[in-house]
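Structural characterization, general
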Amino acid sequence: MTPVEAFSSKTPAKTSTPAALPPSLPGLRPLFRPIFDMERCDGCGICAGECSFNEIRMETRGGHRVPAANCRSCGACHRCEYTCPRGAISIVENKMAMRPHALWQSDTVHRIHLQAASGSVALTGMGGEMGGPIYWDSILFNACQVTNPSIDPQREPMETVTYLGRKVHSIKEVPEPGRFRNSLIKLNIPLVFAPMSYGSINLNLQLALARVSRKKGMLWYSGEGGLHRELYPYGDFAVLQVASGRFGVSPEYLNAGRAYQIKIGQGAKPGIGGHLPGEKVLEGISETRMIPPGSDAISPAPQHDIYSIEDLRLLIYAIKEASGYKPVCVKIAAVHNAAAIASGIVRAGADMLYLDGYRGGTGATPAIVRDHVGIPLELALAAVDQRLRDENIRHRASIVAAGGIRSSADVMKAIALGADAVAIGTAALMACGCHGCQRCNSGKCPWGITTNDPELAGRLDVDWAEERIGNLVSGWHHEMQEIMGLNGIYDIGSFRGNRLILRGVGLNDRELSILGINHAGE
């Protein structure tokens with residue numbers, strides 16, 4: 001008799017009445033949980049007050065107030081950990097224990113349980129996290145050695161000034177040089193802040209981004225939520241968005257910004273629109289977006305007056321006419337035919353093309369869209385830049401690259417692949433405390449970033465956020481100059497589109513061909 005037969009031949013144990021589970025179980029299971037060091041904890045209760053997801057409660061044990069975890073909603077925001085005065089809290093993973101399987105892994109099963117319990121679309125934030133290649137990590141810079149000396153940025157001036165907008169082959173083609181110069185946007189650093197609307201983030205953070213932009217000579221993109229009155233003084237450094245919902249768009253709005261952006265697509269959710277839930281449309285947001293308080297702010301997937309490049313051209317020039325011919329940018333998601341789309345956009349009269357990659361961030365999007373739609377920024381950027389060069393129209397529009405930019409190295413690699421400037425969004429949020437819990441749509445951000453709840457939003461001090469974001473930009477700027485110097489390049493213009501200074505590692509011939517770079521060792 002085999003061991004299995006011996007086991008099965010035993011008398012079955014008596015069974016009780018099966019436990020009745022509600023339809024909500026199995027369902028939402030937190031992937032993290034807090035643990036408490038009771039030897040350090042003094043029962044102050046700060047952690048429970050700071051946890052906006054109600055994961056931590058205070059209870060009495062043995063006559064002492066102690067914290068306890070509900071084990072229902074921890075998102076690993078780490079707010080409790082940082083605010084605990086005794087350092088008595090740690091956040092640990094709470095993964096579902098499962099038999100190893102290459103296909104059915106714990107995160108997949110967890111999502112199925114969640115949808116079976118709720119019947120809803122699984123929403124999430126940030127950018128795509130599927131296991132596809134991150135091409136930035138397979139691209140390396142060259143460096144000067146013997147025959148071409150490097151440049152020390154601590155001793156030599158390094159020029160990082162960039163001009164965005166439509167350019168010409170020669171100044172002889174410009175009848176009025178002064179007017180032409182005013183049509184270009186000067187950036188002291190080839191960095192901009194990605195579109196994040198008032199409503200998806202709060203006014204404090206937008207104000208911090210606007211202040212840093214003015215101080216550093218950068219640009220910040222407003223997103224589709226209009227422009228709050230307190231931000232009008234920063235309009236010279238703002239690119240204001242015209243999205244499908246037309247929120248906040250008015251004659252005054254069309255004269256308040258430095259430039260304007262037509263939103264066609266977004267990297268985190270190509271092909272679908274935006275939705276700000278009514279519970280997040282509070283008084284200030286209602287006024288800025290010009291919609292009733294408490295009503296859902298829905299941006300349709302398409303712009304309903306754009307069904308062709310000719311339609312897009314009409315809107316571009318309508319905005320130019322209304323704004324006094326300020327530059328107009330068109331934002332698209334990185335998709336398979338992005339190069340052809342970009343060519344049409346430039347020929348339609350756009351002064352800038354904003355290319356948002358597969359890993360671009362968002363406050364809320366269906367996880368199924370975020371993780372399975374679009375292509376990586378690196379491939380799209382290289383393809384777009386090369387297509388515009390091949391058609392001899394690259395000078396007609398600047399390219400702003402966005403989507404999953406993590407460091408100054410990513411920035412400089414994007415510029416070498418053809419970007420004129422690079423947008424950062426999630427990195428700026430992380431500078432203000434974000435730990436990527438991906439619950440931006442809940443309106444309960446513990447760090448006060450993606451919430452407009454007055455109490456929670458008050459946690460984000462504008463001066464503190466301005467200093468930290470400014471520090472991040474300064475640090476990246478120094479590193480960008482180092483990368484330029486070690487390649488013997490002192491002007492960012494000579495770095496732009498210079499793919500000879502890049503080499504690929506572990507990439508196949510097709511990937512290298514699209515990126516336009518050689519393999520390491522060649």
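The numbers attached to residues start from 1 for each chain and follow its sequence in the written order. In keeping with the predicted nature of the model, local features appear solely for residues at pLDDT of at least 70, side-chain atom pairs appear and are counted solely at 80 or more, and the whole-chain, interface and lining totals rest on all residues. With hydrogens and water excluded, all non-hydrogen atoms of the structure serve as input to the side-chain values.

A word on the overall build of the chain
When you go through the chain residue by residue, the secondary structure sums to 17 helices and 21 strands. The globule rule used here is 2.2 Å times the number of residues to the 0.38 power, and the radius of gyration it is set against is calculated over C-alpha atoms. Taking 24 Å as the expected radius of gyration for a compact globule of 522 residues, we find that the chain reaches 26 Å, a close match to that expectation. If one aligns the C-alpha atoms of the chain with their principal axes, the spans along those axes are about 95 × 60 × 50 Å. Sequence separation of 24 or more characterises 69% of the internal contacts of the chain that already satisfy a separation of 6 or more. Only DSSP runs of H or I with at least four residues qualify as helices, and only runs of E with at least two residues qualify as strands; both kinds are numbered from the N terminus onward. Whether two residues are in contact is decided by their heavy atoms, any of which lying within 4.5 Å being enough.

Considerations on the nonpolar core
Residues belong to one nonpolar core when they are buried, are Ala, Val, Leu, Ile, Met, Phe, Trp, Tyr or Cys, and are joined through side-chain atoms within 4.5 Å. Partly exposed describes any residue whose relative accessible area lies between the buried limit of under 20% and the exposed limit of over 50%, with all areas from a 1.4 Å probe on protein chains only and scaled to the type maximum. Core analysis: the biggest nonpolar cluster contains 105 residues, and Leu191, Phe193 and Phe495 have the highest contact counts within it. Not counting residues up to four positions away in its chain, the partners in contact with leucine 191 are Met218, Leu219, Val411, Val422, Ile424, Val473, Trp476 and Met480. With 16 residues, the next largest nonpolar core counts Leu164, Tyr221, Val239 and Ala402 among its residues.

Some thoughts on the sheet that holds strand S9 (residues 191-193)
Within the closed barrel, the eight strands sit side by side as S9-S10-S11-S12-S15-S16-S18-S19. Their pairing is parallel. With direction set aside, neighbouring strand axes in the sheet form an average angle of 30 degrees. Paired strands are those between which DSSP finds at least two bridges. Pairing of strand S12 (residues 259-263) with strand S15 (residues 328-333), which is carried by four bridges, proceeds in the parallel orientation. Across the sheet, the residue bridging to lysine 263 is lysine 331, located in S15. Fitted lines through C-alpha atoms give the axes, limited to the stretch in contact for helices. The angle between two N-to-C directions lies from 0 to 180 degrees. Packed onto the sheet, helix H6 (residues 203-216) meets S9 and strand S10 (219-221) and runs at close to 155 degrees relative to S10. Across the face of the sheet, helix H8 (residues 309-323) comes into contact with strand S11 (238-242), S12 and S15 while running at roughly 155 degrees to S12.

Comments concerning the packing of H8 against helix H9 (residues 338-347)
Across the interface, H8 lies against H9 with an axial gap of 9 Å and an inter-helix angle of 45 degrees. On the basis of the axis angle, H8 is oblique to H9. Classified by chirality, the crossing of H9 by H8 is right-handed. Residues Ile309, Leu312, Arg313 and Ile316 of H8 touch H9, and the partners they reach there are Gly344, Ile345 and Arg347. Residue classes follow a fixed rule: Ala, Val, Leu, Ile, Met, Phe, Trp, Tyr, Cys and Pro count as nonpolar, while Asp, Glu, Lys and Arg count as charged, and any other residue, Gly among them, counts as polar. Across the contact of H8 with H9, the residue classes break down as four nonpolar, one polar and two charged. With respect to orientation, any angle under 35 degrees is reported as roughly parallel, any angle over 145 as roughly antiparallel, any angle of 65 to 115 as roughly perpendicular, and every other angle as oblique. By definition, turning the near helix anticlockwise from the far helix through less than a right angle yields a left-handed crossing, and turning it clockwise yields a right-handed one.

With respect to H8
With 15 residues, H8 should cover 21 Å at 1.5 Å per step; its first-to-last C-alpha distance of 21 Å lies within 8% of that length. For H8, the complete set of buried residues consists of Leu312, Leu315, Ile316, Ile319, Lys320 and Ser323. Taken down its axis, H8 places every buried residue within 135 degrees of arc, on the same side. Facing away from the buried side of H8 by over 90 degrees, the exposed positions are Glu310, Leu314 and Glu321. Of the surrounding secondary structure, the elements contacted by the buried residues of H8 are S11, S12, S15 and H9. At the exit of H8 stands glycine 324, carrying a positive phi of roughly 80 degrees. One less than the number of residues in a helix, times 1.5 Å, gives the span that helix is expected to have. Note that the arc is defined by the directions from the helix axis to the C-beta atoms.

Brief notes about the pattern of salt bridges
By definition, a salt bridge exists where a carboxyl oxygen of Asp or Glu is found within 4 Å of a side-chain nitrogen of Lys or Arg. Enumeration over the complete set of coordinates arrives at 27 salt bridges. Here lysine 331 and aspartate 356 are joined by a salt bridge, their closest N and O atoms 3.9 Å apart. Note that lysine 331 is positioned in strand S15 and aspartate 356 in strand S16 (residues 352-356), a separation of 25 residues in sequence. By relative accessible area, lysine 331 is classed as buried at 4%.

Some thoughts on the pairing of S11
Counted residue by residue, S11 has five buried out of five residues, so it is predominantly covered. Going residue by residue along S11, you find Ala238, Leu240 and Val242 tucked away on one face and Val239 and Gln241 tucked away on the opposite face as well. One ladder, built from four bridges, connects S11 with S12; its direction is parallel. What sits directly across from valine 242, in S12, is isoleucine 262.

Here we look at a nonpolar patch on the surface
Only residues whose relative accessible area exceeds 30% and that form no salt bridge enter a patch; like-charged residues are grouped when within 9 Å of one another, and nonpolar side chains (Val, Leu, Ile, Met, Phe, Trp, Tyr) when within 5 Å. Only the protein chains shown count as covering a residue, and every accessible area follows the Shrake-Rupley method with a 1.4 Å probe. On the surface, Leu103, Trp104 and Ile112 cluster together into a nonpolar patch covering about 330 Å² of accessible area. One can find leucine 103 in the loop between strand S4 (89-93) and helix H4 (106-118).

Looking at unusual backbone geometry
Even without glycine at this site, cysteine 71 takes up a positive phi of about 55 degrees. Within the secondary structure, cysteine 71 is located in the loop between strand S3 (64-69) and helix H3 (79-83). Residue cysteine 71 is classed as partly exposed on the basis of its relative accessible area, which comes to 37%. For tyrosine 325, which is not a glycine, the phi torsion comes out positive at approximately 60 degrees.

Observations regarding the packing of aromatic side chains
Stacked, tilted and edge-to-face pairs are distinguished by plane angle, under 30 degrees for stacked and over 60 for edge-to-face with tilted covering the rest, among Phe, Tyr and Trp rings (Trp via its six-membered ring) whose centres lie within 6.5 Å. A complete count under the given rule lists four aromatic pairs for this structure. Note that arginine 79 overlies the ring of tryptophan 447, its terminal NZ or CZ placed 4.8 Å from the centroid. By definition here, charges over rings are those cases where NZ of Lys or CZ of Arg is within 6 Å of the ring centre and within 35 degrees of the ring normal. For arginine 229, the ring lying beneath its charged end belongs to tyrosine 232, and the centroid distance is 4.8 Å.

Describing the confidence of the model for the chain
In this model, the chain carries a mean pLDDT of 90, and residues with pLDDT of at least 70 account for 95%. As a per-residue quantity, pLDDT reports the predictor's confidence and falls between 0 and 100. Ranking the elements of the chain by mean pLDDT puts helix H1 (residues 3-8) last with 51 and strand S19 (residues 421-424) first with 98.

Some words on the pairing of strand S18 (residues 398-402)
In terms of burial, S18 is largely enclosed, as five of its five residues are buried. Of the two faces of S18, the one carrying Ser398, Val400 and Ala402 and the one carrying Ile399 and Ala401 are both buried. Across five bridges, the pairing between S16 and S18 is parallel. Within the sheet, the bridge partner assigned to aspartate 356 lies in S18 and is alanine 402.

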